[in-house]
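Structural characterization, general
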Amino acid sequence: MEANLYVAGAGTGKTYTLAERYLRFLEEGLSPLQVVAVTFTERAALELRHRVRQMVGERSLDQKERVLAELEAAPIGTLHALAARICREFPEEAGVPADFQVMEDLEAALLLEAWLEEVLLEELQDPSYASLVEAVGYEGLLDTLRKVAQDPLAAQELLEKGLGEVARALRLEAWRSLRHQMEKLFRGENPEERFPEFPEGWRTEEPQVVPTLLDWAGKVKFNKKPWLEYKDDPVLKRLRELLEGVREGFSPGVADERLEEVWPRLQRLAKGALARLEERRFRARRLGYADLEVHALRALEEGEVKAYYQGRFRRLLVDEFQDTNPVQVRLLKALFPDLRAWTVVGDLNQSIYSFRRADPKVMEKFQEEATKEGLRVQRLEKSHRYHQGLADFHNRLFPHLLPGYGPVNAERRPDGEGPWVFHFQEDLEAQARFIAQEVGRLLSEGFQVYDLGEKAYRPMRLRDVAVLGRTWRELARVAEALRRLEVPAVEAGGGNLLETRAFKDAYLALRFLGDPKDEEALVGLLRSPFFALTDGEIRRLAEARTEGETLWEVLEREEALSAEAERARKTLRDLLRRKALEAPSRLLQRLDGATGYTGVAACLPQGRRRVKDWEGTLDLVRKLEVGSEDPFLVARHLRLLLRNGLPVERPPLEAGEAVTLLTVHGAKGLEWPVVFVLNVGGWNGSSFRKRTEPLFRPGLALVPPVLDEEGNPSALFHLAKRRVEEEEKQEENRLLYVAATRASERLYLLLSPKGDLDPQVLVGAGSLEKGLEATEPERPWSREEGEVEVLEERIQGLPLEALPVSLLPLAARDPEAARRRLLGEPEAEGGEAWEPDGPQETEEEVPGGAGVGQMTHALLERFEALEDLEREGRAFLEKAFPGAEEEGMEEAMRLARTFFTAEVFAPYRGNAVAKEVPVVLELLGVRLEGRADRVGKDWVLDYKTDRRVDAEAYLLQVGVYALALGKPRALVADLREGNLRERASQELKEEAEEVLRRLMGGEERGRQPHPTTSGGGWKGG
């Protein structure tokens, strides 16, 4: 007897099972045109069609040629493809234009953002909505309507239920959860006998008992009788924590009264807004994926349409059933009302797509219905992916974390005795070092992995290792740490393209090309890796402005420009001239060609990843420029994406011969012999939710952001938030299961130091704890492998006509980091910092957009005497740095005052020959450019305002200035400490040449300490 529901654990052959079931239908005489197969992705649909085609060719079937021909037209595809078919075949009944086009998520999101505010403003012309706007706020209403429009059927169902019904359901759920935790805490003991005056009847099914329990908990005072003897009772302490955790949800207040008052108006507003949005979609002839579901269901409400499809289709197969939502199941039930026609394959433990509206309760309910109707449920229990050693670990660990977990056996035994699972607990930086240690060890030992293709064991390679993280930000930090440890590794996919360096640089370019008056965009573009102008040069351009003149107009007319600024002007002029004739994507390609952006990116660590992100950005721009090739409009679309937090998936990348770094979501369906899972236990817990944002979970609640006078949300918000957090915690456990089951030979669980997963639980399941070793990890890979190679090209291949002198201190410490700086890459945690010519503070040190260092330098360039500084300095700052914060200006004045008052600086006050002097020097054929702060007859001095001054590193920079200007003495003035450091410029020449050789790749390319000598010392002031 064949099953109607297959519960298929990881690696148990669900695709094979689905294909076999499809073939059985064909053997029973059904046509492929009568069998509907629904998959989660188009790729899975192609794979299923290919597998069935292959099996048909191998089996003896009547009329095989006809079957193969019909198979090409068979309804095998995603659910949205099925919904689109219904809408196209019955457009009038579905209420859609006959020639509609299906929008991808990105286009649908952009159109929604473009229309939503228009629709809301039209609705709010009705004065009866005034109290709703007052209670929720305009932005709150906009956010609420956005949630409603993204899942209109589920939202409308919740709105129609009314607040009372939703609140009752949430209170009941909260009480059941609380009572279950209390029962576990009491372990069969009677709390009425253990604690004074404990309320009787607490085991009731109804939540009305909760206020009584809360009153009792409020009377517990450990400093008063009779509670003195209970102050160390762990059960009572935990019980109070549980009760306090639900207090806000069971204490309705003013916000609840306001919410109840405006609820009918919100219902009416949402209904009117959805109707207006539907009108706009009809006129535009565009439907998103959620719209397809809505309109296909509308068509199936017509008896003739339903009868047509029920006569046409006979059997249904659904893959990844755990990733469907209630609306989709309603659609499938309208097509196939008899569950005996269904065959579904899924695994509740792999339901990890709630952000795509997937709901695991759908599969739970189907299983209950199937059992009730006497249909067969079969569990696939043999893994074809991992060996029995890993299966034993999963079978011991996951029953504690996943209520629906069933044991799985493996078809092969492990090679050796084990252990096969290890855990390590430390921060992300230490986790990266541990990964380097273990990968080096496994490679050196020739660790054997089972090749599923060859059906034999072979030595492990780098491509056999994956590092999986919950978020791509974690992965990016680990990738940077692995780079510093020289481990070949590639961020293969996952994360938001809009957060990458490539996108940010392209966005700045499009903003400027769309509007040359956009000074924020121009400044960012000039600073970016395209042109790499220093802050000092940009400031000088800004100071050259006349009243009403833009920064671009200054750049256009200025004659005395550096080589980089001249190149920027020439390139941008050319692009502005072409923008009326060429598409924005083509303009970006020209910008890349003129500056060598991707050429340098390809040579840096993670080079292929960087280039892939650039290509992904160009693809995104090409999609957005269809119908309008104006950079301004494309930039506007991008701004909408950024403003509303709409993510764009980064393009995937093959790792090649390197360790693969991937998000757990991106790893679904993939496998590697060796897997490291990052920050386990640190994922779990609730995501932060602002009280000023609506809370929406289909089937659960829709709560607009209504607050009381003190800014407190409603009790309904707290109840819904608590329930959502519980569901998210369950999904995090399922994510851990998905991550752990990607490994076929060995699994490493890297625990967060503050995580909620007890290492002893892992020990009990069979994991062995490991630690970092004192010695450096082995590195048996060649440096040419993977993505962590250093530059192969010489410095002349960089898109610069000269190197900034201020890069030398960083290049002395870390040549690769210096090369990254030339692309404007952000520092990784623990990485080296670089201060370009013209001081540049960190974000915390930049009040009002003007850095303390910038303001201090400007003061010392402007004034030559303390009296002038005190008299005019403050007014100068207010004019030169509009918007600067009071605290920042005071700090700049204090630092500048130190130069004029500290005795150690006396010989260099009033004796300057020049200030802010441009510097050019050629060393080893490399042109170095910079700007010296203060130059005397035989010395060059630079001011430093850093909180910690690395004098030796800065002396290398100032020494080059002194060499270029023919001055024998190089000095660094630490204005915070009132100290002075000095070196002879000729001593520094050899050190600077050594740094350039390493930067050019001529010598050892790893991290190097910067050269030091004993030639200089601090002079205290």
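Right, let's walk through the structure included here.

Procedures and definitions
- Residues numbered from 1 in each chain as written.
- Predicted model: local features only at pLDDT ≥ 70, side-chain atom pairs only at ≥ 80, totals over all residues.
- Heavy atoms only, no water.
- Phe/Tyr/Trp six-rings, centres within 6.5 Å; stacked < 30°, edge-to-face > 60°.
- Helix = DSSP H or I, 4+ residues; strand = E, 2+ residues; numbered from the N terminus.
- Buried < 20%, exposed > 50% of the residue type's maximum accessible area, 1.4 Å probe, protein only.
- Lys NZ or Arg CZ within 6 Å of the ring centre and 35° of its normal.
- Axes fitted to C-alpha atoms, helices over the stretch in contact; angles between N-to-C directions.
- Parallel < 35°, antiparallel > 145°, perpendicular 65-115°, else oblique.
- Left-handed = near helix turned anticlockwise from the far one by under 90°.
- Contact = heavy atoms within 4.5 Å.
- Nonpolar A, V, L, I, M, F, W, Y, C, P; charged D, E, K, R; others polar.
- Pairing = 2+ DSSP bridges.
- Core = buried A, V, L, I, M, F, W, Y, C linked by side-chain atoms within 4.5 Å.

Before going further, it helps to examine the packing of aromatic side chains. In this structure the tally under the stated criterion is 37 aromatic pairs. Ring geometry for Tyr597 versus Trp614: centroids 5.1 Å apart, planes at 40°, classification tilted. Of this pair, Tyr597 sits in helix 28 (residues 597–603) while Trp614 sits in helix 29 (residues 607–624), and the two are 17 residues apart along the sequence. The residues Tyr597 and Trp614 share a single accessibility class, namely buried. For the ring pair Phe899 and Tyr943, a centre distance of 5.4 Å and an interplane angle of 80° mean the geometry is edge-to-face. With Phe899 in helix 38 (residues 886–901) and Tyr943 in strand 25 (residues 939–944), this residue pair connects regions lying 44 residues apart in the sequence. Judged by its relative accessible area of 0%, Phe899 falls in the buried class. Linked through ring pairs, Phe186, Phe195, Phe198, Trp202, Trp216, Trp227 and Tyr230 together constitute an aromatic cluster. Between the NZ or CZ atom of Lys770 and the centre of the ring of Phe422, over which it lies, the distance is 5.2 Å.

Attention shifts here to the packing of helix 9 (residues 152–161) against helix 14 (residues 254–284). It is the contact of helix 9 with helix 14, at a shortest axis distance of 10 Å, that shows an interaxial angle of 155°. Considered as vectors, helix 9 and helix 14 are oriented roughly antiparallel to each other. Helix 9 and helix 14 meet at a crossing whose hand is left-handed. Residue-level contacts link Pro152, Gln156, Leu158, Leu159 and Glu160 of helix 9 to Trp263, Leu266, Gln267, Ala270 and Leu274 of helix 14. When grouped by side-chain class, the residues that make up the contact of helix 9 with helix 14 number 7 nonpolar, 2 polar and 1 charged.

Let us now look at the sheet that holds strand 20 (residues 743–751). An order of 15-16-14-17-20-11-21 is seen for the 7 strands of this open sheet, with the pairing classed as parallel. Strand pairing shows two members of the sheet lacking a second neighbour, strand 15 (489–493) and strand 21 (768–769), which therefore form its edges. Note: strand 14 (residues 465–469) against strand 16 (residues 659–663), 4 bridges, orientation parallel. Bridge assignment links Val467 to a residue of strand 16, and that residue is Leu661. Relative to the sheet, helix 20 (residues 428–445) contacts strand 11 (421–425), strand 14, strand 17 (672–680) and strand 20, its axis offset from that of strand 17 by approximately 165°.

The next point concerns the nonpolar core. Soluble, globular proteins show a tendency: their nonpolar side chains are buried together. Counting 67 residues, the largest nonpolar core has Met182, Phe195, Phe198, Trp216 and Leu239 as its most contacted members. The contact partners of Phe195, leaving out residues within four places of it in the chain, are Phe186, Trp216, Tyr230, Asp233, Val235, Leu236 and Leu239. Counting residues in hydrophobic clusters, the runner-up holds 49 residues, among them Val523, Phe531, Ile538 and Ala635.

This part covers the packing of helix 22 (residues 501–514) against helix 29. Interaxial distance between helix 22 and helix 29 falls to 8 Å at its minimum, and their mutual angle equals 40°. Comparing their axes, helix 29 and helix 22 come out oblique. In this structure, the crossing between helix 22 and helix 29 has a hand that is right-handed. Contacts between helix 22 and helix 29 involve Ala502, Phe503, Ala506 and Leu510 from the former and Arg610, Asp613, Trp614, Thr617, Leu620 and Val621 from the latter. Across the contact of helix 22 with helix 29, the residue classes break down as 7 nonpolar, 1 polar and 2 charged.

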